[in-house]
Amino acid sequence: MKKLRIFALLMALLMVLPLVAACKKTNNDKKVEYQPIDPADAIEHKDYTSVYDKIGNKVTIDMVTENADGTAKVTVDGKDYTLGMDFLSMAMVYNTSVPANSEKYKTAEDVYNEWWKLYIQRWNLLVPEIPLYSNQYFDIYNAKIENFKTTPYWGTADAIVNASIKAGMANSVILGDITDLSGDFRNSSWGKSNPASSDLDIENLTTGFSTVMSDPTGSYVLNMKALAEEPVSKVNDDGTLTYTLKIKNDLKFSDGSAITAKNYIAYLIANSTAVSEAAGGSGTSGLTVVGYDAFKAYNGKNDGEKVKGESDNEVVASKYFSGVKLLDDYTFEVTFTADYAGYYYAITNAVFSPAPLALYLGSADIVVDEATKACGLNDAFYATEKVDGADTYKVAAEIKANLAWNSGLPYSGPYYVADYNASTHTATLKLNPNYPGDAVRNKASIETITYIKIVEDTQLDQFKKGQVDVLAGITGGDATKAALKVVEEDKTKYAETHYDRAGYGKLSFRCDYGPTGFASVRRAIIYTIDRPKFAKDFTGGYGSVVNGPYYEGFSAFQAVKDSIKLNNYTYSSSSAIKELEDGGWIYNEKGEKFDASKDAVRYKKLEGYELSKDNLNFKSSDDKYKTVKIDGSYYMPLAINWFGTQPNSVTEQLVTAWQTNPESTKAIGMYITYTSAEFQPAVYGKFRRMKSYGYDGTPVLNAVNFATGFNSAVYDFAFNWTINQTVYNSYSSAFLMDEADFFENYK
């Protein structure tokens, strides 16, 4: 009998479960019925035409006015526009002409500085990421290394080329970084906008003969070690700009093979094709070059045919890239479109570096139209084969294989990769005997460089044991003090150099998914992190906080520092609550008014473009909260999925200062999940959603912490805030599509 009663109770419980699944019981015992999520309810933009594309060439800086909050606006053809991130970032570098008869603007630099100010002010309003600390960097090194000096623009990989070893000492050094080497040394940015710093170091050490280089101050200079003569620039009658470059005729790769003009234009041409895209490249390197649309549309068979271009416009496909010409074996010219001919940093239009042809062409080759000298690619480049029933470019697989460090192709820089151990993330570089030096780094003299993985927690022990000769970028109070103590105790054996960092550690947001897609939420988050305290605790007094993506030593900041309008976002949960309430985060999980005394998490009723497919399916990583549908309306929970990169002391500090801080969570109705992750899977896999780094097609990440730097005097974020879907995934830095940039919003 007892067994029968237990069985009956079990059956009764099973009958109740379906009712529980359909009706959520809330904290005040009232049940609410959730409806199934309907994909048909998703609303997405149809027209991605930008305001800049439509009116950018009609706007001069003297037409722009500011609102009280620093928002920029302009009136064109009787219509008022708010200037968004894409517009401001593009105008900053492509629209710096001085207005006629202007009293305020006398030079292009004056115009640039004003655009820069407006850009920073909008960034500060939208908060696509949170600067946590801007600090001093200390590099300690083995005193056997001489002439070693780093700057904000001159990292270890540059400084070590210019350095030397004391006479009588082993002519080798061991470098390292806390990020894992991946083996992507030949082009560390291939398929991603943010390469790992360790891979980028190897690339810089093995790349050379660039026509233009950056010096220790961040300024660009011509590299006359590679150029036979100074480049010639010419503004054409149609407003386009042509650069003609002639390289020396005795340049060689590490294997002794000759470098010609073809090697300098191979990347530009190849990475402007669908073949390159199939190999993981962006396919957009020639975006600003005349003839790009027509050349990009060519598929190996449709020369001269009218086809749909990348922007859905009709173009005539062309086998030849009209803006790229090969004049002879050592001379080439590139013509930029009129829209980009007025580029503020014009010298960078002349930046080209050589690469082995096979690296980007596989077994194919560059061909030249004898009549026009325009360059194209031969039929072999576009050849296809069936793979799993689909037509696939043969060369795409060759490019992928040739990008491997051990593909057998030579290197162009001071060093070449002699060996790489993927299991220990260790690379061995040898001096390239065919590299004569360059205009900035001079000629390398250190015979062997070993590059290893450094563990932050034990890096000083590694250093003292001689397992690494340079520890770069040391920051944080305790770490800095410990490192300087090592140097102080034995100055005959160790030395140090330091500089103010041009960059910062940050909490970055995926701005097109979940709650972090809303500026009100991002502002609420920054209000609930006590950033001055965070910076002081982390740097031990060797740092500060900035309120935007800038370095206080940068010339533009110095020019506008007295007039720029920036919110400091002083630590305040009440300010955070106001942002959330103003942003519509006023509901609870039943779709009723949020009551802080009873409800744990705020919800927002989604409307318009907020009803994206990804937002409809949003949920916290622990499945505790998700977007729900009640009476035909969708409500999103204020739940943030944060991925903390490890090993990283900033992550540990964020857990305390933000993720588990009651002022950041309970006090404002926010829920934060924390997932510990290694750098590359977190940043490239979850944040940038790259399949090659483990992305499985399901969005989950809202926030991730890492660092950023402004390592060049060229401050240019054009295309990093684009809404153009052709380049969005490759170029967007925070995946923020500013609604002010959509031209359709003004119709």
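Residues numbered from 1 in each chain as written. Predicted model: local features only at pLDDT ≥ 70, side-chain atom pairs only at ≥ 80, totals over all residues. Heavy atoms only, no water.

A. Main features of the overall build of the chain. Within the chain, the secondary structure is distributed over 23 helices and 34 strands. Its C-alpha radius of gyration of 28 Å places the chain within 12% of the 27 Å reference for a compact globule of 747 residues. Dimensions of the chain along its principal axes, counting C-alpha atoms only, are 95 × 70 × 70 Å. Counting the 747 residues in the chain, one finds 52% classified as buried. Restricting the contact set of the chain to residue pairs at least 6 apart, pairs at least 24 apart contribute 68%. Taken as a whole, the chain presents about 32000 Å² of accessible surface, with 49% of it coming from carbon and sulfur. The positive charge centre, built from 75 side chains, and the negative charge centre, built from 93, are 6 Å apart in the chain. (Helix = DSSP H or I, 4+ residues; strand = E, 2+ residues; numbered from the N terminus. Rg over C-alpha atoms; globule rule 2.2 N^0.38 Å. Buried < 20%, exposed > 50% of the residue type's maximum accessible area, 1.4 Å probe, protein only. Contact = heavy atoms within 4.5 Å. Areas by Shrake-Rupley, 256 points an atom, 1.4 Å probe, with all protein chains shown as cover. Lys, Arg positive; Asp, Glu negative; His and termini not counted. Charge placed at Lys NZ, Arg CZ, Asp CG, Glu CD.)

B. Up close: unusual backbone geometry. With omega at -5°, the peptide bond leading from Q646 into P647 counts as cis. Assignment of secondary structure puts P647 in the loop between β32 (639-646) and α21 (649-659). The backbone phi angle of N101 is positive, close to 60°, even though this residue is not glycine. Mapped onto the fold, N101 is located in the loop between α3 (85-94) and α4 (108-126). The exposure class assigned to N101 is exposed, which follows from its relative accessible area of 78%. Phi is positive for K373, close to 70°, though the residue is something other than glycine. As for its position among the elements, K373 is in the loop between β18 (366-368) and β19 (374-377). The class for K373 is partly exposed, based on a relative accessible area of 28%.

C. Representation of the environment of Y684. Looking at the secondary structure, you find Y684 in helix α22 (residues 679-687). Residues Y684 and Y416, spaced 268 residues apart in sequence, show a C-alpha to C-alpha distance of 26 Å. Excluding residues within four positions of it along the chain, Y684 makes contact with K192, N194, P195, A196, F679, R689, M690 and Y693. Here the side chain of Y684 touches A196 through a polar contact of 2.7 Å, landing on its backbone nitrogen. (Polar contact = N/O pair within 3.5 Å; in protein donor to acceptor, adjacent residues only side chain to side chain.)

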